[in-house]
Amino acid sequence: MNQSKRLLSLDVLRGITIAGMILVNNAGACGFPYEPLRHAKWDGFTPADLVFPMFMFLMGISTYISLRKYDFQWKPAIRKIVKRAGLLFLIGVAMKWFIGSCESGTLIDLDHLRIMGVMQRLGICYGVTAIMALFIPHKRFLPVAILLLTGYFILQIVGNGFEKSADNIIAIVDSAILGNDHMYLQGKQFVDPEGLLSSIPAIAQVMIGFVCGKIIVNMKDNQQRMLNFFLMGTCLLFAGFLLSYACPLNKRLWSPSFVLVTCGVAALSLAAMVYVIDVKQHKKWFSFFEVFGANPLLLYVVGYIFGELFRLWKVNLFMFDTFLNPMFGDYFGSFMYAVLFLFLNWILGYILFRKRIYIKL
């Protein structure tokens, strides 16, 4: 898809998700997070649980668009896929190592290095989806995604996969492969929210986004795109909530119902963005988020690292105790810290955007 046919709504929605991820990561930095900005403790669903899976859905769309330039031929594309997937994974590990080293004061502390994480999951899911796109007919992508979700659901049923305990098959597999010391909170919550086994349904999430990418490229009329996204989103949302009676919505487990619901919300959100931005041409309203959409991964990495460093250096508490709490109180003051931190990230993104600097892997 050339630049003239590029959907601005796709960039804007990507920017909204990155802004949401940065906001959620810092909403509790001062100790008083609003409930909608907190992840569900186990079963359930909050707005905070939506931003990461929505970004993965959008990554699936981008995967289709980027691989189309190679006509889905494996020889010219495979090197780029392996390089990008590897870099995403290594950057994620490096982020964890850097922050862990700053916290412990030990330059090389690999004993408790968390192996998985947000960037690592992006790398795995992108790599698997992109490689499948080179060898599997795209008309079979949706059936394969459903097969992955079904297989994972069956595995959960037979392996206590919905329990928050060490007997959970997902916890058993991740612990055996990764080791508790290399899991989220050293395995104290049993299940790593970005673990290995739960990457199976996350791959299905990216594959569903890939199917939507095909819709964007093959349909030239924005109203037809909008209607297709609306129909697909409605079906996915209905199927996800219907399945949730037997398969609880759970982000930490990345349950199949969670995949369907979040993909449904993402598709409906994209339909709304296409209508407002690309059909009605209301573009200026969303220029703030377009900045985040131009360099999404860079701004997420910078936001994560400096968010953790600000906590380590007590910058968050200084701002909260000195200015924000006296002016806004506990909860709104904590929220305003997250908003100000988000705006700092936006300034960096705006400078890059104005200079037309786009940093991609």
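Residues numbered from 1 in each chain as written. Predicted model: local features only at pLDDT ≥ 70, side-chain atom pairs only at ≥ 80, totals over all residues. Heavy atoms only, no water.

A. Quick look at the state of the cysteines. Applying the stated criterion across every chain, the model contains 0 disulfides. The closest cysteine sulfur to the non-disulfide-bonded C125 is located on C263, 11 Å from its own sulfur. A relative accessible area of 0% places C125 in the buried class. Between C247, a cysteine without a disulfide, and C263, which holds the nearest cysteine sulfur, the sulfur-to-sulfur distance is 14 Å. (Disulfide = S-S within 2.5 Å. Buried < 20%, exposed > 50% of the residue type's maximum accessible area, 1.4 Å probe, protein only.)

B. Local environment of the packing of aromatic side chains. All chains considered together, the criterion is met by 24 aromatic pairs. Positioned over the ring face of Y126 is R84, at 4.8 Å from the centre of the ring. Its end group placed over the ring of W254, R121 keeps NZ or CZ at 4.9 Å from the ring centre. (Phe/Tyr/Trp six-rings, centres within 6.5 Å; stacked < 30°, edge-to-face > 60°. Lys NZ or Arg CZ within 6 Å of the ring centre and 35° of its normal.)

C. View of unusual backbone geometry. At N160, a position not held by glycine, the phi torsion is positive, near 50°. With respect to the helices and strands, the residue N160 is situated in the loop between α5 (141-158) and α6 (169-178). You will see that R356, though not glycine, has its phi angle at about 55°, which is positive. (Helix = DSSP H or I, 4+ residues; strand = E, 2+ residues; numbered from the N terminus.)

D. Inspection of helix α3 (residues 74-104) at higher detail. Spanning 31 residues, α3 covers 44 Å between terminal C-alpha atoms, matching the ideal 45 Å at 1.5 Å per step. Listed in full, the buried residues belonging to α3 are A77, I81, R84, A85, L88, G92, V93, M95, K96, I99 and S101. (Expected span 1.5 Å × (residues − 1).)

E. How the structure looks around the side chain of K251. Looking at the element boundaries, K251 is found in the loop between α8 (222-243) and α9 (256-279). Ignoring any residue separated from it by four or fewer positions in sequence, one finds K251 in contact with H39, D49, P193, E194 and F258. (Contact = heavy atoms within 4.5 Å.)

F. Structural context of α8. With 22 residues, α8 should cover 32 Å at 1.5 Å per step; its first-to-last C-alpha distance of 31 Å lies within 8% of that length. Among all positions of α8, only N222, R225, M226, F229, M232, G233, L236 and G240 are buried. Buried positions in α8, seen along its axis, are confined to an arc of 140° and lie on one side of it. Along α8, exposed side chains directed more than 90 degrees from the buried face belong to L231, F238 and L242. Those residues of α8 that are buried lie in contact with α5, α7 (199-218) and α9. For α8, the capping residue at the N-terminal end is D221, with a side-chain oxygen 3.2 Å from the backbone nitrogen of Q223. (Arc of directions from axis to C-beta. Polar contact = N/O pair within 3.5 Å; in protein donor to acceptor, adjacent residues only side chain to side chain.)

G. Fine view of the nonpolar core. Grouped together as the largest cluster of nonpolar side chains are 97 residues, with contacts concentrated most on F57, I61 and L122. The contact partners of L122, leaving out residues within four places of it in the chain, are F52, F55, M56, M59, L88 and L297. Residues W42, F162, A171 and L253 belong to the second largest nonpolar core, which totals 10 residues. (Core = buried A, V, L, I, M, F, W, Y, C linked by side-chain atoms within 4.5 Å.)

H. A look at the pattern of salt bridges. For the structure on display, the rule yields 6 salt bridges. One connected set of salt bridges, linked through shared partners, spans R114, D192, E194 and K251. (Salt bridge = Lys/Arg side-chain N within 4 Å of Asp/Glu carboxyl O.)

I. Highlighting the packing of helix α2 (residues 51-68) against α9. Running from N to C, α2 and α9 cross one another at 65°; their axes reach a closest spacing of 9 Å. If you check the angle between α2 and α9, you find them roughly perpendicular. Between α2 and α9 lies a crossing whose hand is right-handed. Of the residues in α9, those touching α2 at P53, M54, F57 and I61 are F258, T262, C263, V265, A266, A267, S269 and L270. Across the contact of α2 with α9, the residue classes break down as 10 nonpolar, 2 polar and no charged. (Axes fitted to C-alpha atoms, helices over the stretch in contact; angles between N-to-C directions. Parallel < 35°, antiparallel > 145°, perpendicular 65-115°, else oblique. Left-handed = near helix turned anticlockwise from the far one by under 90°. Nonpolar A, V, L, I, M, F, W, Y, C, P; charged D, E, K, R; others polar.)

J. Representation of the packing of helix α1 (residues 8-26) against helix α11 (residues 296-312) in the model. Orientation of α1 relative to α11, taken along the N-to-C sense of each, is 10°, at an axis distance of 10 Å. Between α1 and α11, the interaxial angle falls into the category roughly parallel. Between α1 and α11, the residues in contact are R14, I18, M21, I22, N25 and N26 and P296, L299, Y300, G307 and R311, respectively. For the contact of α1 with α11, the per-class residue count stands at 6 nonpolar, 3 polar and 2 charged.

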